[in-house]
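# Tertiary structure, described
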Amino acid sequence: MTVAAQSFSSRPIAAVARGVALPLVLLLVWQAWASTLPANTRAPSPAQVARAFETLAIGGGLVGATLQSLGRVMLGFLIALVLGVSLGVLMGSSRRVSRNLDPIVEGFRPIAPMAILPIAILWFGAGTPAALSIVAYAAFFPLLLNTIHGVSRVDRKLLQAARTMGLPLHARILRVVLPAALPSIMLGARLAMGVAWTAIIAAELAVGAKSGGGSSGGLGQMMFVFYAYSIDLNNIVVCMIVVGVVALLIDRLFRVAERRLMPWRI
Amino acid sequence: MNGAVNRPKLRLQGVTKAFVAPRTGHRTLALADVSLDIDQGEFVCIVGPSGCGKSTILNIVAGLDAPTAGIVEKDGAPIAGPGPDRGVMFQDYALYPWQTVQGNIGFGLNYGAPGKSMSQAERDARVAEFVKLVSLTGSESKYPHQLSGGMRQRVALARLLANGPDILLLDEPLGALDAQTRIILQAELLRIWGETAPREQRKTTVFITHDIEEAVFLADRVVVMSSHPGRVRDILTIDLPRPRDESIRADPRFGHFADEIWRLIRDQALQAIA
Ligand SMILES: Nc1ncnc2c1ncn2[C@@H]1O[C@H](COP(=O)(O)OP(=O)(O)OP(=O)(O)O)[C@@H](O)[C@H]1O
Ligand SMILES: [Mg+2]
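Residues numbered from 1 in each chain as written. Chains lettered and ligands numbered in written order. Predicted model: local features only at pLDDT ≥ 70, side-chain atom pairs only at ≥ 80, totals over all residues. Heavy atoms only, no water.

## Description of the pairing of strand E4 (residues 69–74) of chain B
Residues and elements named next belong to chain B. Where strand E1 (residues 10–20) lies against E4, five bridges are found, and the strand directions are antiparallel. Bridged to Leu12 within E4 is Val72. Inspection of the sheet shows E4 paired to strand E5 (residues 77–78) by two bridges, in the antiparallel sense. By the bridge assignment for E5, Glu73 is matched with Pro78. Taking the residues that link successive antiparallel strands as the turn, the E4-E5 hairpin has two residues, and the phi of Asp75 there is positive, at about 50°. (Pairing = 2+ DSSP bridges. Helix = DSSP H or I, 4+ residues; strand = E, 2+ residues; numbered from the N terminus.)

Pasting the structure below:
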C-alpha cells in the first residue's frame, strides 16, 4: 500500500497519465460509435460537443452561466457551513440539545431539496435566493451530521485537560472541539459540495422551467433552454461536462485544503 | 481563629467513589473511605497496585470527577470543578494531536496564571525554556504522532510545568522514560517543586508512581494504597534530609523505606498474580 502511494506522489506525471488514460479511451470509443450514425442524428458525439463547447464558451454565455451557478453553490455552501457546523457543535456536545432536535432533523432529512422548491419560489421568487436556499438546504445535512459525529467523538480527556488549564467554554470549542472534529467536518464539507452541485442544477432547471426559461440563470437554466427550445443534446452535454469538471476541481481544492488545515494527519 | 495556619492545602475526608456502568448498572467501588490531608508545599507520592484508584483520586482533586460521598477541599473550600490552579499531567498525556510539541507545551499559557499576563514573546521564551528542560530541543515542530512514547510523556510534563500551577497533580509522569532521563527529571522536578525554597513557596504536589524508589527519593510522605476497593493502606513519612541528591539512594534509611513500602504492597501484588 505505502509503496504504491509513494511511487504515486513521487511521479506526478505518471499519476496524471494514469488518470487521463481511461477517459481518453472512452472518448475514442464514443467517437467511433458516433461516426457510424446517420449525419442528421441528434445523438451527441465528442467532435460535436467540442464544437458546441467552443461556440458556447466564446460569446455563448457559458462562462457567465457557470460563474453564476458557481457563485450560488459557494454562497449556499457557506450558509450551510455556518449553520451546519454551529448546530452540529451544539448537538454533538449536548445530549439534551441533540435529543430535542434530532427528531426535527431526521424528519426533514428525507425531504429532497427539490421538494422544498415550491415553497422556496413562493417565498423568494424565481431568482438567486430560491436557488440559494435549496443549495443551502441540501448542503446543510451532510455538514450537520458529520459535525455531530466528529464532535460527539472528541476525546473526553482532551476536553478535561483544557479545563484544567483554565480554557473557558468558547476557547474549548475553538481550540479543542473544532480541531478534533475537523476531519469529520471536512468530510461533511466534501459531501455537501457534491450535493450542492446536484441541487443547484436541479433548482435552476426547475426554476427555469417555472419561469419559462426566463429569470433564473445559471447552468441549469441554460440546460433547460437547450432542452425546451432547441433539443440540442450537444449543448446539454457541454453543460454536464462543465459541471463535472468544476466539481472535480473543487474537490481537489478541498483535498489540498485538508492537507493544509490538518498537517498532523500527514 | 488560627485554623488557617494549620489548615491543610488539600483535604480528602471519607472520600468514596463508585462508578456505575450506564447500561448494566454494574457498580465498581473505586475508592472506599479515603482520608488524606496534604499540607501546603508537601510532596506526596501515591503507590499501589493497578486499579486501586490512584488516578481516581487525582481526578477528584482536579475537580474532573465528583466523589460519591465524602469531602474534598482546597484551602478549606470545597472543590467544585477543575481550574488552572491545579495542573494535571494525565496518565495518557492528553496531548493535542493537531498541535506541535511547541503548541502543546504553550497550549495553556493564554489562560492560566502566569502565562495570561505575558506578552507573546515572553510566552514563546517560556515554551522554549520548558522544551529545553525536557530535552526536546530540535523536535519543537513535530506532532505527537511523530514522537516516541517517552518524548510524548516529556511534552506532557513540560506542558504542566510551563503552566505553572499552584498544585501539581502528576499521574505516573516519568513511567515511560529510560532510567537516565528519569533520574535527571526527578531532580529537575524537585528543583521546580522548590526543594531549596521554604515550605510556603513550594508547590503542593501529588505524584503517582509504580516505582517505589522514585517515591522514596521524591516524597515527603508516601501513601500506600490497596485495592478492591481502593483504600489507604498506610502512610509513610520519608524524613530524609533535603535537598536530596543521588547520594541519598545509598543511605541505609533509603533502602529501609523502600523495603517497608515493598513489604506493604507485596502481598497484594502476589495475590494479583496468583
Ligand atoms: N470512568 C470509569 N468508569 C467505570 N469505572 C472506572 C472509571 N474510571 C476508573 N474506573 C475503575 O475504578 C478503579 C480504579 O481506577 P483508577 O484508574 O483510579 O486506577 P489506578 O490506580 O490509576 O490504576 P493504574 O495504576 O492501572 O493506572 C478501577 O477498577 C477502574 O476499573
Ligand atoms: Mg491510573
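## Examining the site of ligand 1
Residues and elements named next belong to chain B. The local shell around ligand 1 holds 13 residues, among which Ser50, Gly51, Lys54, Ser55 and Thr56 are the closest. At a separation of 2.8 Å, an oxygen atom of ligand 1 approaches a polar backbone atom of Gly51. Separating an oxygen atom of ligand 1 from a side-chain N or O atom of Gln91 is a distance of 2.8 Å. Relative to its free-state accessible area of 630 Å², ligand 1 is covered by the protein chains to the extent of 62%. Of all the secondary structure elements, the ones that give two or more residues to the shell around ligand 1 are strand E2 (27–38) and helix H2 (54–62). Top element by residues in the shell around ligand 1 is H2. It accounts for three residues. Its residues placed into classes, the shell around ligand 1 shows three nonpolar, eight polar and two charged. (Near = heavy atom within 4 Å. Polar contact = N/O pair within 3.5 Å; in protein donor to acceptor, adjacent residues only side chain to side chain. Areas by Shrake-Rupley, 256 points an atom, 1.4 Å probe, with all protein chains shown as cover. Nonpolar A, V, L, I, M, F, W, Y, C, P; charged D, E, K, R; others polar.)

## Re the interface of chain B and chain A
Of the residues lining the interface, 23 residues belong to chain B; the matching set on chain A comes to 19 residues. The contact between chain B and chain A buries some 2000 Å² in all, and 68% of this surface belongs to carbon and sulfur atoms. Inspection of the chain B/chain A interface yields zero salt bridges. Counting every contact that joins chain B to chain A gives six residue pairs in polar contact (both at pLDDT 80 or more). Within the residue set of the side of chain B that touches chain A, elements represented by two or more residues are strand E6 (86–89) and helix H5 (149–163) of chain B. Considering only residue class, the side of chain B that touches chain A consists of 13 nonpolar, seven polar and three charged. (Contact = heavy atoms within 4.5 Å. Buried area = accessible area lost by both parts, 1.4 Å probe. Salt bridge = Lys/Arg side-chain N within 4 Å of Asp/Glu carboxyl O.)

## A short note on the sheet that holds E4 of chain B
Residue and element names in this part refer to chain B. Read from one edge to the other, the open sheet built from four strands follows the order E2-E1-E4-E5, with strand pairing classed as antiparallel. Looking at which strands have only one partner, the edges of the open sheet turn out to be E2 and E5. As paired elements, E1 and E2 share eight bridges and run antiparallel to each other. Among the inter-strand pairings, Val20 is bridged to a residue of E2, identified as Arg27. Seen against the sheet, H2 touches E1, E2 and E4 and runs at an angle of roughly 115° to E1. (Axes fitted to C-alpha atoms, helices over the stretch in contact; angles between N-to-C directions.)

## Describing the confidence of the model for chain B
Taken over all residues, the pLDDT of chain B has a mean of 93, while the share at 70 or more is 97%. Among the prediction metrics, the complex's ipTM stands at 0.92, with pTM recorded as 0.87. (pLDDT = per-residue confidence, 0-100.)

## Concerning the sheet that holds strand E8 (residues 204–208) of chain B
Strands in a sheet are paired, the pairing made by backbone hydrogen bonds, and the direction either parallel or antiparallel. Residues and elements named next belong to chain B. What the six strands build is an open sheet, ordered E6-E7-E8-E3-E9-E10; its pairing is mixed. Every other strand in the sheet has two partners, leaving E6 and strand E10 (231–237) as the edge strands with one partner each. Across the sheet, the mean angle separating the axes of adjacent strands is 15° when strand polarity is ignored. Strand direction decides the pairing type here: strand E3 (residues 43–47) and E8, joined by four bridges, are parallel. Paired with Val44 across the bridge in E8 is Val206.

## Regarding the pattern of salt bridges
Residue and element names in this part refer to chain B. Applying the stated criterion across every chain yields a total of 20 salt bridges over all chains. Linking Lys17 and Asp65 is a salt bridge whose minimum nitrogen-to-oxygen distance equals 3.9 Å. Of this pair, Lys17 sits in strand E1 while Asp65 sits in the loop between H2 and E4, placing them 48 residues apart in sequence. A salt bridge links Glu246 to Arg249; its shortest N-O distance comes to 2.7 Å.

## Thoughts on the coordination of the magnesium ion (ligand 2)
Residues and elements named next belong to chain B. For the magnesium ion (ligand 2), the protein coordination sphere consists of Ser55 (OG) and Gln91 (OE1), at 1.9 to 2.3 Å. With Ser55 in helix H2 and Gln91 in the loop between E6 and helix H3 (101–105), this pair connects stretches of sequence that are 36 residues apart. What makes Ser55 partly exposed here is its relative accessible area of 25%. By relative accessible area, which is 40% here, Gln91 ends up partly exposed. (Donors = N, O, S within 2.8 Å, 3.2 Å for Na, K, Ca; no water. Buried < 20%, exposed > 50% of the residue type's maximum accessible area, 1.4 Å probe, protein only.)

## A short note on helix H7 (residues 128–152) of chain A
The periodicity of an α-helix, 3.6 residues per turn, causes residues three or four positions apart to be oriented the same way. Residue and element names in this part refer to chain A. When the terminal C-alpha atoms of H7 are compared, their 35 Å separation across 25 residues agrees well with the 36 Å that a helix rising 1.5 Å per residue should span. Along H7, the helix axis deviates most sharply at Phe140, where the bend reaches about 30°; the proline Pro142 sits within four residues downstream. By the criterion of burial, H7 is predominantly enclosed, with 19 of the 25 residues buried. (Expected span 1.5 Å × (residues − 1). Bend = angle between axes of the 7 residues up to and from the residue.)

## Considering the side chain of Thr100 of chain B
Examined against the element boundaries, Thr100 of chain B turns out to sit in the loop between E6 and H3. Not counting residues up to four positions away in its chain, the partners in contact with Thr100 of chain B are Glu140, Ser141, Lys142 and Tyr143 of chain B.

## Focus on the state of the cysteines
Each disulfide consists of one covalent bond between the sulfur atoms belonging to two cysteines. What the rule picks out here adds up to zero disulfides over all chains. Counting only cysteine sulfurs, Cys45 of chain B is the nearest neighbor of Cys52 of chain B, a cysteine outside any disulfide, at a range of 14 Å. (Disulfide = S-S within 2.5 Å.)

## Observations regarding the nonpolar core
One finds Val176, Trp197, Leu219 and Met222 of chain A together with Ile57, Tyr96 and Leu169 of chain B to be the most contacted residues of the largest nonpolar core, which totals 99 residues. Per-element tally for this core: the top contributor is helix H9 (residues 169–210) of chain A, with 17 residues. Split by domain, the residues of this core number at least three in each of domain 1 (3–85 + 166–273) and domain 2 (97–165) of chain B. Apart from residues no more than four positions distant in its own chain, Tyr96 of chain B is found in contact with Leu158, Ala161, Ala162, Met165 and Val176 of chain A together with Asn104, Phe107, Pro144 and Arg159 of chain B. Ranked by size, the runner-up nonpolar core spans 51 residues in total, among them Val47, Leu95, Ile238 and Phe254 of chain B. (Core = buried A, V, L, I, M, F, W, Y, C linked by side-chain atoms within 4.5 Å. Domains from an automatic or database assignment.)

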